[in-house]
Amino acid sequence: MKIECTIDGKHLLLTVNSNKPLNLILADELETPLLTIRCRDGSCGNCVVLLNDEAVLSCLIPAFRLKGARVLTFEGYQKTRFWHDLERAYEDTGSHPCPHCYASKTLIFESLLQMIVKSESGASRDEEPDEETIVREIGLNKCPCLDAHEMLDIFKAAATYRRRRRVRRY
Amino acid sequence: MYEGIRSPAVHMPKTMSDLVSASTRFPNATFWAGGTFIMSRHDYYPTRDSNDIISLNEVPELKRINRTDRYLEIGATVSFEQLLTVGKQVLPGLLQMTLERSATKIVRKQITVGGAICTPQIRLALPGTLSALQAEVEVKSCMGPKTETRWLEINRLYDKKGAFLLKKNDLVTRIRLGFEREDFSCHIAAGDPMTNPGETVMLSFACFHNQSVVDRFRMCITFPTSMFLIPHEVDMMMHGTMLPLTTQQIERVVRSIMEEVLSSSDHEIPPIQVERSRRFIESALHELNAQSLSER
């Protein structure tokens, strides 16, 4: 199956099996280094990417759903200015995810930060995430390297930077 | 590594009639809603015997949430997250609780209502909750050029052991819920049905009462791989009972349901599931009592 999509800003025409999961496409076809550890059943939460600006588990996205889609992996995300909000939040709080889950947890944090931006701009019915939601969403990645307080501190610090930025698009 | 693996053809019908015709032409194809269950199987990919896929995501009728005077009608490919945006005024509290506890927001955006009902091997929390709320499902049977549509009570889709009873060419298209609100409801679950089905227990309970007299008592106990139990006898036994329940009444209900749980399974139920069920039932009844006392 031929699929046209945009991955990390590059327009690509992929020839892949229609049911191949996105995490395998990224690992096999594009050799994305941070997606090499995989559970294949959505239970580890290590394969989060942004699909059309929303965080998804890439192991649960089949190739045929990528037609015309925009995929942003952690590598691509690092090139956006929004990455700096989280980078600075990690520095300020002195806590950061371990190397195994760094990419995935960072993208989950980003999806939570986008909820703030959307709720403040009225673009979405999503409410600003409360503490329980933040801990639960980050808990999608099963790596225990951050405790709940650290997650909340990182999120609060990053949210402060994001609010200052007041930019709503990549 | 993936040599010789066939790429399944993906059919994307845009209308209901296209969907019916696709399912008639490709009887072995797999209906694809959110895909979360299919893709979370360990043998999903690579596999040599992958069937063709009929994606349901392009059919607008299946993505709609309709509110009529009497019912809330939910399309089969509505995602959990989309359904939660309908709001507390429209969605029964029990359903809202079940959806929120099912997964994180990121995964809820992908799980569809129809998919959660039609998983072939395991029962998830949603069917139990919909059953406690006495929901109905619209089933379309595609038999050649003829299509038959019927509404069924959701508990008719499964047997006591949780086996899915619909045929391969039957398609769940809509779910219908009445607007009558339960006076008390609770959803208690322990374990993860996807990763640890042998230890997971889910209980959904809705009680309708009128001036402290029980009118309807709907409980559903689900073990992901071995049980989908609605104790109808207890429903009849509780009809007309005054709230709060006495200790003896609670003991009698728990004993009666547990007897049914133990006699419903052919093989031995793991002790942890038995214990969890017993405690969940007790806990639900105590909560019901607490609520009825606080209303006085």
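This write-up is about the structure you can find in this document. As the structure is a prediction and not an experimental result, all values here were calculated from the model. (Residues numbered from 1 in each chain as written. Chains lettered and ligands numbered in written order. Predicted model: local features only at pLDDT ≥ 70, side-chain atom pairs only at ≥ 80, totals over all residues. Heavy atoms only, no water.)

Looking at the overall build of chain A
Phase 1 of the analysis: Assigned secondary structure in chain A consists of 6 helices and 5 strands.
Phase 2 of the analysis: Ordering the α and β elements of chain A from the N terminus gives β-β-α-β-β-β-α-α-α-α-α.
Phase 3 of the analysis: Counted over contacts in chain A with a minimum sequence separation of 6, partners at least 24 positions apart contribute 62%.
Phase 4 of the analysis: About 7,900 Å² of surface is accessible on chain A, with carbon and sulfur atoms providing 47% of the total. (Helix = DSSP H or I, 4+ residues; strand = E, 2+ residues; numbered from the N terminus. Contact = heavy atoms within 4.5 Å. Areas by Shrake-Rupley, 256 points an atom, 1.4 Å probe, with all protein chains shown as cover.)

Looking at the packing of helix α9 (residues 247-264) of chain B against helix α10 (residues 271-294) of chain B
Residue and element names in this part refer to chain B.
Phase 1 of the analysis: As a packed pair, α9 and α10 sit with axes 10 Å apart at the nearest point and diverge in direction by 150°. Of the two elements, α9 crosses α10, and the hand of that crossing is right-handed. In this structure, α9 contributes I250, V253, V254, I257, M258 and L262 to the contact, and α10 contributes V274, S277, R278, I281, E282, L285, H286 and N289.
Phase 2 of the analysis: The class makeup of the residues in the contact of α9 with α10 is 9 nonpolar, 3 polar and 2 charged. (Axes fitted to C-alpha atoms, helices over the stretch in contact; angles between N-to-C directions. Left-handed = near helix turned anticlockwise from the far one by under 90°. Nonpolar A, V, L, I, M, F, W, Y, C, P; charged D, E, K, R; others polar.)

Describing the side chain of R162 of chain A
Residue and element names in this part refer to chain A.
Phase 1 of the analysis: Inspection of the secondary structure assignment puts R162 in helix α6 (residues 148-165).
Phase 2 of the analysis: On the basis of relative accessibility, which here comes to 4%, the residue R162 falls in the buried class.
Phase 3 of the analysis: Dropping the residues within four chain positions of it, R162 is found in contact with Y77, F82, D85, E110, L113 and V117. (Buried < 20%, exposed > 50% of the residue type's maximum accessible area, 1.4 Å probe, protein only.)

Digging into helix α1 (residues 22-29) of chain A
Phase 1 of the analysis: The buried fraction of α1 of chain A amounts to 6 of the 8 residues, a majority that puts the element mostly inside the structure.
Phase 2 of the analysis: Listed in full, the buried residues belonging to α1 of chain A are L22, N23, L24, I25, L26 and A27 of chain A.

Things to note about the sheet that holds strand β3 (residues 53-55) of chain B
Residues and elements named next belong to chain B.
Phase 1 of the analysis: Spatially, the 3 strands line up as an open sheet ordered β1-β3-β2, and their pairing is parallel. Two strands close off the open sheet at either side, each with one partner strand: β1 (10-11) and β2 (30-32).
Phase 2 of the analysis: The pairing of β2 with β3 spans 3 bridges and is parallel. Looking at the pairing, F31 lines up with I54 of β3. (Pairing = 2+ DSSP bridges.)

So, the sheet that holds strand β2 (residues 10-15) of chain A
Residues and elements named next belong to chain A.
Phase 1 of the analysis: Ordered in space as β2-β1-β5-β3-β4, the 5 strands form an open sheet in which the pairing is mixed. For this open sheet the edge positions go to β2 and β4 (54-57), each flanked by a neighbour on one side alone. Mean inter-strand twist for the sheet, computed between neighbouring axes without regard to direction, equals 40°.
Phase 2 of the analysis: When strand β1 (residues 2-7) meets β2, the two strands line up antiparallel, connected through 6 bridges. Bridge pairing links I3 to L14 in β2.
Phase 3 of the analysis: Packing of helix α4 (residues 102-121) onto the sheet brings it into contact with β3 (48-51), β4 and β5 (70-72), and relative to β3 it is tilted by some 40°.

Looking at the nonpolar core
Residue and element names in this part refer to chain B.
Phase 1 of the analysis: With 83 residues, the main nonpolar core has I117 and L157 as its most contacted residues.
Phase 2 of the analysis: Here L157 is in contact with I117, V137, V139, L152, A163, F164, L165, L166 and V172, once residues within four sequence places are set aside.
Phase 3 of the analysis: In terms of nonpolar packing, the next biggest core, distinct from the first, is built from 31 residues, F217, M227, I257 and L285 among them. (Core = buried A, V, L, I, M, F, W, Y, C linked by side-chain atoms within 4.5 Å.)

Describing the interface of chain B and chain A
Phase 1 of the analysis: Listed as interface residues are 35 residues of chain B and, on the opposing side, 31 residues of chain A.
Phase 2 of the analysis: For the pairing of chain B and chain A, the buried interface totals around 2,700 Å² over both sides, and the portion due to carbon and sulfur atoms is 56%.
Phase 3 of the analysis: When residues of chain B are sorted by the area they lose upon contact with chain A, M39, Y45 and I106 of chain B head the list and together hold 25% of the total.
Phase 4 of the analysis: The tally of links from chain B across to chain A stands at 1 salt bridge.
Phase 5 of the analysis: The shortest N-O distance in the salt bridge between E54 of chain A and K109 of chain B comes to 3.9 Å.
Phase 6 of the analysis: Across the contact surface, chain B and chain A share 10 residue pairs in polar contact (both at pLDDT 80 or more).
Phase 7 of the analysis: Looking at the side of chain B that touches chain A, the elements that each hand over two or more residues are α2 (36-39), β3, α4 (93-102) and α5 (105-108) of chain B.
Phase 8 of the analysis: Take the side of chain B that touches chain A: its biggest share by element is 4 residues, from α5 of chain B.
Phase 9 of the analysis: The residue inventory of the side of chain B that touches chain A, partitioned by class, reads 15 nonpolar, 12 polar and 8 charged. (Buried area = accessible area lost by both parts, 1.4 Å probe. Salt bridge = Lys/Arg side-chain N within 4 Å of Asp/Glu carboxyl O. Polar contact = N/O pair within 3.5 Å; in protein donor to acceptor, adjacent residues only side chain to side chain.)

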